[in-house]
Amino acid sequence: MTSDQPQVRGVQGSDHKRGCVGPFHEWSVELPPRSREPVGVAMGTETRREDRMSDIVVVGAGIVGASVAYHLAGRGVPVTLVERGAGPAGGVTGESFGWVSGVGSGSPGGARDLREYVLADYRRLGDELPGLAGVVRRSGSLNWGGGPVDLEVRVGAGQVRVGRDEIADLEPNLRNPPDQAVHLPDDLGVDAPAMTRALVDAARARGATVLYGTGVTSLRMSGGRVDGVLTSAGFHAAESVVLAAGTDVARLCASLPVDLPVAASPATLVRVSAPPGLVRTIVVRPDFEVREVREGELLLPLSHEGGRVGASEQAAYGALRRLRDAFRGSGGGSGGGSGSGECGLLGYRVVRRPIPACGPLVGYATRDRSVYVAVMHSGVTFAPTVGRLVADELVTCRAVPELRRCRVRGV
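Everything quoted here is computed from the prediction, not taken from an experiment.

A.B. asks: Would you explain the nonpolar core in this entry?
C.D. replies: One finds Leu72, Leu129 and Met195 to be the most contacted residues of the largest nonpolar core, which totals 55 residues. With nine residues, the top contributor of residues to this core is helix H7 (residues 379-396). When sequence neighbours within four positions are dropped, the list of residues in contact with Leu129 reads Tyr70, Met195, Ala198, Leu199 and Ala202. Among the nonpolar cores identified, the runner-up in size contains 24 residues, and Val270, Ala274, Leu300 and Cys343 belong to it.

As structure tokens, this is what we get:
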């Protein structure tokens, strides 16, 4: 571990404390363990003791839930990851642009606090997980999407103002490089589905149980607290339930006296075939964004003004036309380039991103600590950091200061 990476609090290894009671006190108050009363499982008219109870059930095998399960399993916590789909990253994670930056001055709420750790946490996972070559690319970003670059505005740490010649060196296939742009050389492009699969596989190798095709229908209350989840495959008992199911989190918490303002914001991800190396960085233009996710495949995200999905196929082909107009060797305009062949539409998909009103929501949703939520945008950006911090809180029973502005209000 390098010196600039975040340090994990608490004792390393199998150090799970068996639960805590009482309100979640901020900062560093050590709380006594909660009793280990047997949890009853309804079986018709009978109730039997559950012989194998997971300490924690994590709902949702997107990148956030996978990261939470991975970090908990690494701390020796018995954890079960449940997912309604046939595999991981079947929801919004599977259609993520995957641009990870340590810079984000406009980030709401606790997102700004978390962002300073994200690049270091991705480097840490690169050391911990085998086979991430190509999954996490340090391609850097090239941004002139905010309009003309003001020479009087000072760029921040990790940002470099570049001119036309430097832009042409970074993106040699651009037809008309702008006069100026901002280059962030440390920005990452992450293949979010592949990253999620790696986290789930590593969590399973660390002892986690992973259940696919297991949709959670509701939380189950017993004795005034949540004691597990009801699923399409039956009941799963738990001391604590971590909800990392994106836009479903608010629905699952509907029976709890808590307000979770999470909007479902539609977005389309367009996939395009392209000559390898046509786009070399994460390009952020006024009219579109694009990056290479793997050799020969580009991603272009489209937002929806006013929340309207609109004619997605028409929008996808419009994005393809703009790409062809912008890059040589993509099949548009005139003139040659280093690439060969043309860009073609592979497909597109509309998803609904979870957008909490005031930034990431990470923390307990009940005072008895039976339900914990982790919902944010962008999950791909924050998942490694949030997974580490959530595991730290659940294991040590101490609040971590990095999450102080991410808390659920009223809890």
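A.B. asks: I keep staring at helix H2 (residues 111-128) and nothing clicks. Help me out?
C.D. replies: Given 3.6 residues to a turn, an α-helix orients residues that are three or four positions apart in the same direction. The end-to-end C-alpha distance of H2, which contains 18 residues, comes to 24 Å, matching closely the 26 Å that a straight helix rising 1.5 Å per residue would cover. Every buried residue belonging to H2 is among Ala111, Asp113, Leu114, Arg115, Val118, Leu119, Ala120, Asp121, Tyr122, Arg124 and Leu125, and all of these are buried. Of the surrounding secondary structure, the elements contacted by the buried residues of H2 are helix H1 (63-74), strand S5 (99-100), strand S6 (136-137), strand S10 (188-190), helix H4 (192-205) and H7.

A.B. asks: Looking at this model, I keep getting lost on the sheet that holds strand S17 (residues 289-294). Mind explaining?
C.D. replies: Strand pairing in a sheet relies on backbone hydrogen bonds, with the paired strands running either antiparallel or parallel. Read from one edge to the other, the open sheet built from eight strands follows the order S8-S9-S7-S16-S17-S18-S15-S19, with strand pairing classed as mixed. Of all strands in the sheet, those bounded by a partner on one side alone are strand S8 (160-163) and strand S19 (344-356). Taken pair by pair, the neighbouring strands of this sheet meet at an average axis angle of 25°, ignoring direction. In terms of strand pairing, S8 meets strand S9 (residues 180-184) through four bridges, oriented antiparallel. Bridging across to S9, Val160 finds its partner in His183.

A.B. asks: How should I be thinking about the packing of H2 against H7 in this particular structure?
C.D. replies: Contact pair H2 / H7: the axes reach a minimum separation of 7 Å and the direction vectors enclose 85°. One way to sum up the angle between H2 and H7 is to call them roughly perpendicular. Across the interface between the two elements, Ala111, Leu114, Arg115, Tyr117, Val118, Asp121, Tyr122, Arg124 and Leu125 of H2 pack against Val380, Thr381, Phe382, Pro384, Thr385, Val386, Arg388 and Leu389 of H7. Split by residue class, the contact of H2 with H7 holds 11 nonpolar, two polar and four charged.

A.B. asks: For this particular structure, what's the right way to read the sheet that holds S5?
C.D. replies: Read from one edge of the open sheet, three strands run S5-S10-S6, paired in antiparallel fashion. The sheet is open, and its two edges are formed by S5 and S6, each paired on a single side.

A.B. asks: What is the right way to look at the environment of Arg369 in this model?
C.D. replies: Position of Arg369 among the secondary structure elements: in the loop between strand S20 (361-364) and strand S21 (371-375). In this structure the C-alpha to C-alpha distance between Arg369 and Val411, which are 42 residues apart in sequence, comes to 9.8 Å.

A.B. asks: Just checking my understanding: could you explain the confidence of the model for the protein chain for this structure?
C.D. replies: Detailed reading of predicted coordinates is not advised where the pLDDT is low. Averaged over all residues, the pLDDT of the protein chain is 84; the fraction at 70 or higher stands at 80%. Throughout residues 335-340 the model reports pLDDT below 50, and contacts reaching past four residues in sequence, or to other chains, amount to 10 contacts.

A.B. asks: I would appreciate a short explanation of the packing of aromatic side chains in the present structure.
C.D. replies: Evaluation of the coordinates by the stated rule reveals one aromatic pair. With a centroid separation of 4.9 Å and 80° between ring planes, the pair formed by Tyr364 and Tyr372 is classed as edge-to-face. Of the two residues, Tyr364 and Tyr372, both sit in the buried class. Over the face of the ring belonging to Phe97 we find Arg291, whose NZ or CZ atom lies 5.9 Å from the ring centre.

A.B. asks: Teacher, can you tell me more about the pairing of S17 here?
C.D. replies: Put simply, side chains in a regular strand alternate between the two faces of the sheet. The pairing of strand S16 (residues 282-284) with S17 spans two bridges and is antiparallel. When the sheet's bridge partners are listed, Val284 is paired in S17 with Glu289. Hairpin connection from S16 to S17: four residues lie between these consecutive antiparallel strands. Sheet topology note: the S17/strand S18 (residues 297-303) ladder contains three bridges and is antiparallel. If you follow Glu292 over to S18, its bridge partner there is Leu298. Hairpin connection, S17 to S18: the antiparallel pair is bridged by two residues, and Gly296 has positive phi, about 90°.

A.B. asks: I tried to follow the packing of H1 against H7 on my own but got confused; where do I start?
C.D. replies: Between two packed helices, the angle of one axis relative to the other and the distance separating the axes together describe the packing. Where H1 meets H7, the axes come as close as 8 Å, and the angle between the chain directions of the two elements is 35°. In this structure, H1 crosses over H7, and the sense of that crossing is right-handed. Side by side, H1 and H7 meet where Ile63, Val64, Ser67, Val68, His71 and Leu72 of the first sit next to Gly379, Val380, Ala383, Pro384, Gly387, Arg388, Val390, Ala391, Leu394 and Val395 of the second. Of the residues belonging to the contact of H1 with H7, the class tally is 11 nonpolar, four polar and one charged.

Cut-offs and rules
Residues numbered from 1 in each chain as written. Predicted model: local features only at pLDDT ≥ 70, side-chain atom pairs only at ≥ 80, totals over all residues. Heavy atoms only, no water. Core = buried A, V, L, I, M, F, W, Y, C linked by side-chain atoms within 4.5 Å. Buried < 20%, exposed > 50% of the residue type's maximum accessible area, 1.4 Å probe, protein only. Helix = DSSP H or I, 4+ residues; strand = E, 2+ residues; numbered from the N terminus. Contact = heavy atoms within 4.5 Å. Expected span 1.5 Å × (residues − 1). Pairing = 2+ DSSP bridges. Axes fitted to C-alpha atoms, helices over the stretch in contact; angles between N-to-C directions. Parallel < 35°, antiparallel > 145°, perpendicular 65-115°, else oblique. Nonpolar A, V, L, I, M, F, W, Y, C, P; charged D, E, K, R; others polar. pLDDT = per-residue confidence, 0-100. Phe/Tyr/Trp six-rings, centres within 6.5 Å; stacked < 30°, edge-to-face > 60°. Lys NZ or Arg CZ within 6 Å of the ring centre and 35° of its normal. Left-handed = near helix turned anticlockwise from the far one by under 90°.

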